[in-house]
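Listed here are the chains, written in short residue letters.
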Amino acid sequence: MGSVLASVLCGYIGSYIVSRRLVFISGGLSHASLGGIGLGVYLGFNPIVSALLFAVGSACGIQWLTSRGRVREDSAIAMFWTFGMSVGIICCFLTPGFMSDLSSYLFGSILTISQTDLWLLSGITVFTAMLFALFFRAIRAVAFDPVFARSLRLPVAGIEYLMMVIIATTIVATLRLVGIVLVISMLTIPQTTALLFTHRMSGMIAFSILFGCLCCMLGLALSYWFNVPSGAAIICISIVNYVVLRTIKSVVFRFKKKR
């Protein structure tokens with residue numbers, strides 16, 4: 001259930017990230033969330049809740065700094081990225097026993113997904129699907145050309161802030177599945193694979209969900225058969241899937257060109 005929900009959620013949000021070219025931002029937010037996890041464990045809070053608050057705050061901070069032109073986007077991402085990582089590392093060493101659980105947050109441990117995690121993932125997935133269904137044209141316009149979207153008098157700033165918050169929420173919600181280090185792959189690899197077959201955002205979402213579910217199931221099977229971490233197995237399967245489909249497409253294209 002967690003794999004399917006994560007595939008659907010990442011299919012929607014990842015398509016926006018790839019279209020908007022926000023891959024670096026998603027990487028920065030995923031690593032910044034470690035600061036929230038560390039603070040939560042150190043202060044005795046639920047680490048997922050504290051990571052969510054920390055990631056959302058970082059997302060809004062990056063968007064605020066870059067939108068006002070005070071700081072370059074890559075510099076703002078680097079600041080929040082390194083700040084979150086440093087806070088998390090400090091809390092790791094200050095909290096007795098936390099270091100033994102750190103790998104499950106860094107690399108994921110799908111077997112530790114709780115009922116609360118599933119409810120959180122379900123709620124975010126349903127909300128995101130409804131948001132895309134109701135405001136798909138506006139989101140698509142902002143993703144592909146925000147300047148043109150402003151000429152249409154769309155609330156570009158509001159949409160960008162909302163999507164940044166959802167990106168941060170998605171990252172935290174999928175931590176149990178693949179972890180901080182690999183979560184960026186769930187938001188980019190299926191979408192990049194989908195671009196082999198379509199350049200329409202609606203088609204990208206559909207193919208991303210399909211490839212995400214397929215790779216998650218195969219990755220779980222691989223982790224069971226060979227007793228390896230499930231998150232890493234899922235990402236490896238996703239990359240192999242992309243390479244195979246890319247090779248097949250190239251061979252078919254060359255064959256048609258010769259004919």
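Shown above is the structure to which this text applies.
Definitions and cut-offs
Residues numbered from 1 in each chain as written. Predicted model: local features only at pLDDT ≥ 70, side-chain atom pairs only at ≥ 80, totals over all residues. Heavy atoms only, no water. Helix = DSSP H or I, 4+ residues; strand = E, 2+ residues; numbered from the N terminus. Rg over C-alpha atoms; globule rule 2.2 N^0.38 Å. Buried < 20%, exposed > 50% of the residue type's maximum accessible area, 1.4 Å probe, protein only. Phe/Tyr/Trp six-rings, centres within 6.5 Å; stacked < 30°, edge-to-face > 60°. Contact = heavy atoms within 4.5 Å. Salt bridge = Lys/Arg side-chain N within 4 Å of Asp/Glu carboxyl O. Core = buried A, V, L, I, M, F, W, Y, C linked by side-chain atoms within 4.5 Å. Axes fitted to C-alpha atoms, helices over the stretch in contact; angles between N-to-C directions. Parallel < 35°, antiparallel > 145°, perpendicular 65-115°, else oblique. Left-handed = near helix turned anticlockwise from the far one by under 90°.

K.L.:
Looking at this model, I keep getting lost on the overall build of the chain. Mind explaining?
P.N.:
The number of helices and strands found in the chain is 12 helices and 0 strands. Sequence-ordered secondary structure for the chain, helices as α and strands as β, is α-α-α-α-α-α-α-α-α-α-α-α. The C-alpha atoms of the chain give 19 Å as radius of gyration, which agrees with the globular expectation for 259 residues (18 Å, within 12%). Based on the C-alpha atoms only, the size of the chain along its principal axes is roughly 65 × 55 × 30 Å. When the 259 residues of the chain are sorted by exposure, 49% land in the buried category.

K.L.:
Sorry if this is basic, but what is going on with the packing of aromatic side chains here?
P.N.:
The geometry of an aromatic ring pair comes down to the distance between the two centres and the angle between the two planes. All chains considered together, the criterion is met by 6 aromatic pairs. On the numbers, 5.2 Å between centres and 55° between planes, the contact of Tyr-12 with Phe-132 is tilted. A residue pair is termed long-range when its members are at least 10 positions apart, and Tyr-12 in helix 1 (residues 2-20) and Phe-132 in helix 6 (residues 115-144) qualify at 120 residues. Look at Tyr-12 and you get buried, because its relative accessible area is 17%. Note on Phe-207 and Phe-211: the rings are 6.0 Å apart at their centroids and 25° apart in plane angle, and the pair reads as stacked. One end of the pair is Phe-207 and the other is Phe-211, both in helix 11 (residues 201-226) and 4 residues apart, which spans about a single turn. Phe-207 gets classed as partly exposed once you look at its relative accessible area, which sits at 28%.

K.L.:
Help me understand the side chain of Ser-26 in this model?
P.N.:
For Ser-26, the location among the structural elements is in helix 2 (residues 23-43). Residue Ser-26 is classed as buried on the basis of its relative accessible area of 1%. Excluding residues that lie within four positions of it along the chain, Ser-26 makes contacts with Ile-17, Ile-167, Ile-171, Ile-184 and Leu-187.

K.L.:
I would appreciate a short explanation of the pattern of salt bridges in the present structure.
P.N.:
Two side chains that carry opposite charge are able to pair once their charged atoms sit near each other. Taken as a whole, this structure holds 1 salt bridge when the rule is applied. Across the pair Glu-160 and Arg-20 runs a salt bridge whose closest N-O atoms are separated by 2.6 Å. Here Arg-20 lies in helix 1 and Glu-160 lies in helix 8 (residues 156-173), a separation of 140 residues in the sequence. For Glu-160, a relative accessible area of 8% gives the class buried. Taking relative accessible area as the criterion, Arg-20 reaches 22% and is therefore assigned partly exposed.

K.L.:
Even after reading the chapter, I still don't get the side chain of Asp-117, so can you show me in this structure?
P.N.:
With respect to the helices and strands, Asp-117 occurs in helix 6. Judged by relative accessible area, Asp-117 falls into the buried class, the value being 11%. Once residues within four sequence positions are removed from consideration, Asp-117 is found in contact with Ile-48, Thr-112 and Arg-176.

K.L.:
Sorry if this is basic, but what is going on with the nonpolar core here?
P.N.:
Taken as a class, soluble globular proteins show a tendency for nonpolar side chains to be buried jointly. One finds Ile-13, Tyr-16, Phe-132, Met-163, Ile-167 and Met-186 to be the most contacted residues of the largest nonpolar core, which totals 60 residues. With sequence-adjacent residues up to four places away left out, Met-186 is seen in contact with Ala-6, Ser-7, Cys-10, Leu-177, Val-178, Gln-191, Cys-216, Ile-234 and Ile-235.

K.L.:
What should I look at first to understand the environment of Tyr-16 in this one?
P.N.:
As for its placement among the helices and strands, Tyr-16 is situated in helix 1. Spatially, the C-alpha atoms of Tyr-16 and Ile-205 are 8.9 Å apart, while their sequence positions differ by 189 residues.

K.L.:
Sorry if this is basic, but what is going on with the packing of helix 2 against helix 4 (residues 73-94) here?
P.N.:
Any two packed helices are characterised by the angle at which their axes cross and by the distance between the axes. For the pair helix 2 and helix 4, interaxial distance at closest approach is 7 Å and the crossing angle is 25°. One finds that helix 2 runs roughly parallel with respect to helix 4. The interaxial crossing formed by helix 2 with helix 4 has left-handed handedness. Between helix 2 and helix 4, the residues in contact are Phe-24, Ile-25, Gly-27, Gly-28, His-31, Ala-32, Leu-34, Gly-35, Gly-38, Leu-39 and Tyr-42 and Glu-73, Asp-74, Ile-77, Phe-80, Trp-81, Gly-84, Met-85, Val-87, Gly-88, Cys-91 and Leu-94, respectively.

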